[in-house]
Amino acid sequence: MNAAMLDGRMINRADYFSMSEVRIRQNKKRRMEIVRRQRIVLGVLITVILSSLIFIGGTLMIKAQNSDTAPIVKYYTVVNVHGGDTLESLSKVRFSEEHYDSFDAYINEILRINHLEKPEDLKAGENVIIPYYDVFDTPTS
């Protein structure tokens, strides 16, 4: 019987084993084949997902690097207040509707940056920090 077990051709023969033992071994072999197929499908699925993510990430990186438009960044400038200047007159020049909801929001930001309560607190001779947006200047070598 040991020889029959060692020889792969005789393992499932009904001459050496009962029918239930043969059926159990066949079912086990079938289950192992199903598990093997499931592992292969899972491996292929993971490979496809990772490849897709790498492709999408690479595409986004290429689009970001090939942009023909220069980035717009926020800058700050210091303005000296002269007699007769108002906060509104100083800030109208640098106000951008693209970056602020309203002119009042822009004025409120200037007040907050300069620690002022209201626009009337501005006095001649003071320096005021005013934010503005412009194209990013890349240094040239």
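Sequence order sets the numbering: in each chain, residues are counted from 1 along the sequence as written. In keeping with the predicted nature of the model, local features appear solely for residues at pLDDT of at least 70, side-chain atom pairs appear and are counted solely at 80 or more, and the whole-chain, interface and lining totals rest on all residues. Hydrogens and water are ignored here; the side-chain numbers use all heavy atoms of the structure.

1. With respect to a nonpolar patch on the surface
So, step 1. Surface patches are drawn from residues lacking salt bridges whose relative accessible area is over 30%; two like charges belong together within 9 Å, two nonpolar side chains (Val, Leu, Ile, Met, Phe, Trp, Tyr) within 5 Å. A 1.4 Å probe and the Shrake-Rupley method give the accessible areas. Residues count as covered only by the protein chains that appear here. For this document, the term salt bridge refers to a Lys or Arg side-chain nitrogen within 4 Å of an Asp or Glu carboxyl oxygen. A surface patch of nonpolar side chains, amounting to about 700 Å² of accessible area, comprises Leu 42, Leu 45, Ile 46, Ile 49, Leu 50, Leu 53 and Ile 54.
So, step 2. Of note, Leu 50 is situated in helix α2 (residues 19-65).
So, step 3. Exposure classes here rest on a 1.4 Å probe applied to the protein chains alone. A residue is buried below 20% of its type maximum, exposed above 50%, and partly exposed in between. Given a relative accessible area of 47%, Leu 50 falls into the partly exposed group. Segments assigned H or I by DSSP are reported as helices when at least four residues long, segments assigned E as strands when at least two residues long, and all are numbered from the N terminus.

2. As for the pattern of salt bridges
Pairing between side chains becomes possible if they bear opposite charge and their charged atoms approach one another.
So, step 1. As enumerated under the stated definition, the model contains three salt bridges in all.
So, step 2. We note a salt bridge from Arg 37 to Glu 33, for which the minimum N-O separation is 3.8 Å. You can see Arg 37 and its partner Glu 33 sitting in helix α2, four residues apart, about one turn around the helix.
So, step 3. Among the salt bridges present, the one from Glu 109 reaches Lys 74, with a minimum N-O distance of 2.4 Å. Remark: Lys 74 occurs in strand β1 (residues 72-80) and Glu 109 occurs in helix α4 (residues 103-113); sequence separation between them is 35 residues.
So, step 4. For Glu 109, a relative accessible area of 8% translates into the label buried.
So, step 5. Connected through shared salt-bridge partners, Glu 33, Arg 36 and Arg 37 make up one network.

3. Description of the confidence of the model for the chain
So, step 1. With 81% of its residues at a pLDDT of 70 or more, the chain has an overall mean of 83.
So, step 2. Ranking the helices and strands of the chain by mean pLDDT puts α4 first, with 92, and helix α1 (residues 2-6) last, with 49. The pLDDT value expresses, per residue, how confident the predictor is, ranging between 0 and 100.

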